[in-house]
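# Examination of the molecular architecture
Below are the chains, spelled out letter by letter.
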Amino acid sequence: MACLNIHKMCQNQKDEYTFDGSVDKHGQPAVRARTGRWFAGVLLLVNQGLATLAFFGVGVNLVLFLTRVMGQDNAEAANNVSKWTGTVYIFSLLGAFLSDSYWGRYKTCAIFQAIFVAGVVSLSLTSYIFLVKPKGCGDENNPCGSHSTISVALFYVSIYLIALGNGGYQPTIATFGADQFDEDHPQESHSKVAFFSYFYLALNLGSLFSNTILGYFEDKGMWTLGFWASAGSAILALLLFLVGTPRYRHFKPTGNPLSRFCQVVVSATRKWKVQQPSRGDELYEGEGQEPAENGNRRILHTDGFKFLDKAAIITSKDGENNPWRLCAVSQIEEVKCILRLLPIWLCTILYSVVFTQMASLFVEQGAAMKTTVSGFHIPPASMSSFDILSVAAFIFIYRRVLDPLVARLKKSAPKGLTELQRMGVGLIIAIMAMVAAGFVEHFRLKSGDKDCSSCTNSSSLSIFWQVPQYVLIGASEVFMYVGQLEFFNGQAPDGLKSFGSALCMTSISLGNYVSSLLVSIVMKISTTDKMPGWIPGNLNKGHLDRFYFLLAALTAADFLVYLICAKWYKYIKFEERSIEKQHGEKQGDLKV
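Residues numbered from 1 in each chain as written. Predicted model: local features only at pLDDT ≥ 70, side-chain atom pairs only at ≥ 80, totals over all residues. Heavy atoms only, no water.

Quick note on the threshold: UniProt positions are given in the numbering used here, feature names are shortened, and annotations may be inferred rather than shown by experiment.
In the annotation of an unreviewed UniProt entry, the protein is listed under the name Protein nrt1 ptr family 7.3 and assigned to Nicotiana attenuata. The UniProt entry for the protein carries this comment under Subcellular location (unreviewed entry): "Membrane".

Structure (structure tokens):
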């Protein structure tokens, strides 16, 4: 009898369903032991690493490809890279919209990864057949010749296919990975928090190979080899993603969030003359309806944006089946949540201006320094490997040292720094990074030869003086971007989780556009008859250091605004799930 009881207990544990409402590939409630958790999580982390390797195999040296192969000058190439990178992250909004609304996260990831593969393969073919001509061109000493309009058009189609594929995939894969862990389960909830750190670590480790090995070959003019390696990595990433299909957990898409947002605004506007109720519990809660737009949880009423609450006031003209006249509190709070997130999101854009310098001006600055050590040439783009190593080190330091230490010092708090506090620390470190880059450029200019017309960008200052600015950028990423991923994913309504991750990506996007705009404005203002601007083709004749100091000052001002926005922010409040009831209903509906 005892053996029979033990067998039943083991069977119950084996057949236990998740508490968060996730389903398996057949749309049935997900069985905990057979789906998700770290088996699926590790597959997605490796997928992320391989996809990132492929993406940065193209992106990390794109500025040099544009100057050496496509024949563009430094300012034009930096602007084009910023615009391209910005477009990558703009497409993240498209991916998030399709994921949350119609396709679901799995289908969205699969389709956009396929587009990404097509783009990298197309770039590899275009470079081999048309662009890297004559053979052996594209290194530091042998720029390529002119190209036909068709070959240039194929190049831009290829890189923007890559932008579309990677942009649509990135925010969705982060959220899909977090979906594999049940946040209502004690052990899995801790794993879900850890996943975001490991996700960002996988992203950086994936780019390490691109920034070192691939960066070296591409710097030597072996562009086709580098692009084909990226294509192989992208194909492998897609295949690995598909292998995990039977084990993934899913959340069903919840419909168009834009219509829900508009319904609240229209309903509230129609009732702008209606008197506000004195208590929040007098508002329409949508009883008897499944809160499909927010998964299994309703969002509790909060103060603020009281004008929107009028959409939930029941009048004689309202019908419960007309969402354009009467909206539930949970739907209104979804809109409030997005409005509260926007100021925080706006404050992260200027940080992304700092971050994007690694892919453009840091590379150009490094190319203007002494890049040889004992006869070995160091590709300027490979210096970003110090950023990657810094990210890996600071993720470990934060999770194992700083977070437990702060938790002990804050005796009233169950954990260390909040996501908002970590993002603030990231802004402070970013200021330090720009100051360091400015001082390095100041001393590089002192060691450069401005009078020698044949000594373009020459300097006796070693490229390793760039290490501090890369390390500081890496440390700031751990606090800012990992904090952003956790914050936007945790604070977004259940039906808009991919949108929350996309906010992080689009801040990088707009940061690239702002960077491009700043470079254009600075060049226009600083260019005179006697000076070719702060960022000319020959950096020895410019003042890139002043641009870095300008970014430090702008980021400092942004930090002050961020402090105000963070203090004003109110966290979203979800209705607690009745886990026992939910669990019982699932067990009754489905026998495994």
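Having put the structure on the table, let's press on.
## Here we look at the nonpolar core
Rules: For this analysis, a nonpolar core means a set of buried residues of the types Ala, Val, Leu, Ile, Met, Phe, Trp, Tyr and Cys, connected via side-chain atoms within 4.5 Å. Per-residue accessibility, obtained with a 1.4 Å probe over protein chains only, is compared with the maximum for each type, and a residue is labelled buried under 20%, exposed over 50%, and partly exposed between these values. Where helices and strands are cited, they refer to DSSP runs of H or I of at least four residues and of E of at least two residues respectively, numbered from the N terminus. Contacts between residues were defined by any pair of non-hydrogen atoms, one from each residue, lying within 4.5 Å.
Ranked by internal contacts, the top residues of the largest apolar core, which has 132 residues, are F155, F241, I344, I535 and F547. In terms of residue count, helix α15 (residues 467-491) provides more of this core than any other element does, 13 residues in total. With near-sequence residues (within four places) excluded, F155 lies in contact with L62, F65, L66, M70, L123, T126 and L131. One finds V264, Y284, A311 and A312 within the second-largest nonpolar core, a separate group that totals 14 residues.

## A short note on the environment of S207
Its place among the elements puts S207 in helix α7 (residues 186-219). Sequence-wise, S207 and F55 are 152 residues apart; in three dimensions their C-alpha atoms are separated by 8.1 Å. Non-local contacts of S207, meaning those with residues more than four positions away in its chain, are made with T52, L53, F56 and I388.

## A word on the packing of aromatic side chains
Quick reminder of the rule: Each Phe, Tyr or Trp ring, with Trp reduced to its six-membered ring, pairs with another whose centre is within 6.5 Å; inter-plane angles below 30 degrees give stacked pairs, above 60 give edge-to-face pairs, and intermediate values give tilted ones.
On inspection of all chains with the given rule, the structure shows 34 aromatic pairs. Ring centres 5.4 Å apart and planes at 20° place the aromatic pair F65 and F155 in the stacked group. Here F65 is found in helix α3 (residues 62-68), whereas its partner F155 is found in helix α6 (residues 149-179), with 90 residues between them in sequence. For the pair shown, F65 and F155 are each scored as buried.

## Concerning the side chain of S230
In this fold, S230 is placed in helix α8 (residues 223-243). With residues near it in sequence (within four places) discarded, S230 still touches L53, A54, G57, V58, V120 and L214.

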